[in-house]
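Per-entry structural report
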Amino acid sequence: MIETEKASSMKAIKLLVAVALAMAIGAPIASFLGDTNVAQPIASAPMRVPFLHGLSSDQFEGQSELASLGVAHEWINSPPLTASALHGKVVLIDFWTYTCINWLRTLPYVQAWDEKYRKHGLVVIGIHAPEFSFEKDLNNVHRAVKDLGIDYPIAVDNDHLIWRAFSNQYWPALYFVDSRGRVRYHHFGEGSYQQSEMVIQELLTEAGAGGFDREPVSVDARGIEAAADWETLKSPENYLGYERTQNSASGGEAVLDAPHIYDVPARLRLNEWGLSGSWTVRKETAVLNKSDARIAYRFHARDLHLVMGPAAPGTSVRFRVLIDGQPPGTAHGIDVNEMGEGAVTEQRLYQLIRQSKPIVDRQFEIEFLDSGVEVFAFTFG
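Residues numbered from 1 in each chain as written. Predicted model: local features only at pLDDT ≥ 70, side-chain atom pairs only at ≥ 80, totals over all residues. Heavy atoms only, no water.

Overview of the side chain of H160
Structurally, the position occupied by H160 is in the loop between β5 (154-156) and α6 (161-165). Aside from chain neighbours lying at most four places away, what touches H160 is A129, P130 and W171. (Helix = DSSP H or I, 4+ residues; strand = E, 2+ residues; numbered from the N terminus. Contact = heavy atoms within 4.5 Å.)

And the structure:
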């Protein structure tokens, strides 16, 4: 982008930020930006979240947003933080759960904002609100925080009390709180990073902070954290437990909460999937009863991930991945080798496929060589 285009884009985003903040409290736009000349009306582009990830929520009666921090199950990287202790600070609340690919792809930006603006009065607080039962395990959360290099405060919200106080429904969700404790802006899903950073800057400026670089952060996201290839992504996330699954093509009706032998049909349509072998399908997971069973999935995306873990802590389950009947080779993800070999050793998200263009419909298969694995959800990127 040439410099004049970049400047124009920055002005447009800054105006949108001012409009959003002004609408929040009814203040005039000029009080935030001064005199901004715009050649033509600026309309906010729709937020791109093709597969918004979340759960419904009811308001937590009798609890204000920041005051709800007092009901956190545990704090990581910090002593408990309270609304009164945060008075005068600009606070960024980030709702997350550690297996969510959408949140993982936003993490580099949140970490960069924390590093850049902490000394100017920004407090980033991650609210870990679990999606799956195993994400309530504090050992799992502590491991994820360490593995991901997160050093800002984390409030563990196992009972979704803080989630409900914010009337939140999504991972990831960002809430921008001003120095007087008011939620002034929010963003759900991935993207709009430059606009979000502009909000941080404006709220810090309101609070009397200065001396920070106005240039947006630049991140070099790699591995699982790399941005999705939205142009080619045609497969939404899907679950293997019976509560939320879609497009199962295994023969016959699923047998709930009891062992059953399943078969994958010879041909799958796009975004259909199936089990083969002896599985027990439960509310949020499918559990493998015997080895030499597999899952097949017809997908269209650059990346394929699978949330899974060993049924018994401390055990390991070997697996082998195929794509269109062949080892993945250079299309392997970070958790398998070129032959498609890997092992499930802990409860987390595993990246199994990252392929190069052209992206077309492909048949993915994962064969488990040992029993005792729990599989929860497929996600794509």
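So that's the structure; there's more coming.
Here we look at the pairing of strand β16 (residues 341-344)
Alternating residues of β16 divide into G342 and V344, all buried, and E341 and A343, none buried. Pairing of strand β15 (residues 317-323) with β16 involves four bridges; the strand directions are antiparallel. For R318, the partnering residue across the bridge sits in β16 and is A343. (Buried < 20%, exposed > 50% of the residue type's maximum accessible area, 1.4 Å probe, protein only. Pairing = 2+ DSSP bridges.)

Some details on the nonpolar core
A general feature of soluble globular proteins is that nonpolar side chains tend to end up buried together. Counting 63 residues, the largest nonpolar core has I93, F95, W113 and I125 as the members making the most contacts within it. Sequence-distant contacts of I93, that is, excluding residues within four places in its chain, are made with L66, I125, I127, F166, A173, L174, Y175 and V177. Judged by nonpolar contacts, the second largest core, of 33 residues, contains W279, I323, V336 and F380. (Core = buried A, V, L, I, M, F, W, Y, C linked by side-chain atoms within 4.5 Å.)

A word on the sheet that holds strand β4 (residues 122-128)
One open sheet holds the six strands; their spatial order is β2-β5-β4-β3-β7-β8, and the pairing between them is mixed. Edge positions in the sheet fall to β2 (74-76) and β8 (183-188), since each has one partner strand and no second. Pairwise comparison of adjacent strand axes, ignoring direction, gives a mean angle of 20° for this sheet. Bridge count for strand β7 (residues 173-177) against β8 is five bridges, and the pairing is antiparallel. What sits directly across from L174, in β8, is H187. Strand contacts of helix α5 (residues 138-147): β2, β3 (90-96), β4 and β5, with the helix running at about 20° to β2, the strand carrying the most contacts. Here helix α7 (residues 193-206) sits on the sheet in contact with β3, β4, β7 and β8, set at roughly 20° to β7. (Axes fitted to C-alpha atoms, helices over the stretch in contact; angles between N-to-C directions.)

As for the pattern of salt bridges
A side chain with one charge may pair with a side chain of the opposite charge, provided their charged atoms come close. Under the criterion given, the structure shown has 23 salt bridges. The partner of R143 in a salt bridge is D147, and the shortest N-O contact between them spans 3.9 Å. In this pair, R143 and D147 are both assigned in helix α5, four residues apart and thus about one turn of the helix distant. Across the pair E243 and K283 runs a salt bridge, and its minimum N-O distance is 3.7 Å. (Salt bridge = Lys/Arg side-chain N within 4 Å of Asp/Glu carboxyl O.)

Remarks on the side chain of H300
Residue position: H300 is located in the loop between β13 (293-299) and β14 (303-310). With residues near it in sequence (within four places) discarded, H300 still touches T232, L233, K234, S235, L270, I359, V360 and D361.

Comments concerning the packing of aromatic side chains
Scanning the entire structure with this criterion turns up 24 aromatic pairs. Measuring from ring centre to ring centre gives 4.8 Å for W163 and W171, while their planes differ by 45°; the resulting arrangement is tilted. Between W279 and F368, the ring centres sit 6.1 Å apart and the planes meet at 75°, which makes this aromatic pair edge-to-face. Of this pair, W279 sits in strand β11 (residues 273-281) while F368 sits in strand β18 (residues 362-368), and the two are 89 residues apart along the sequence. Note on accessibility: W279 and F368 belong to one class, buried. Aromatic rings pair up to connect F95, W163, F166, Y170, W171, Y175 and F188 into one cluster. (Phe/Tyr/Trp six-rings, centres within 6.5 Å; stacked < 30°, edge-to-face > 60°.)

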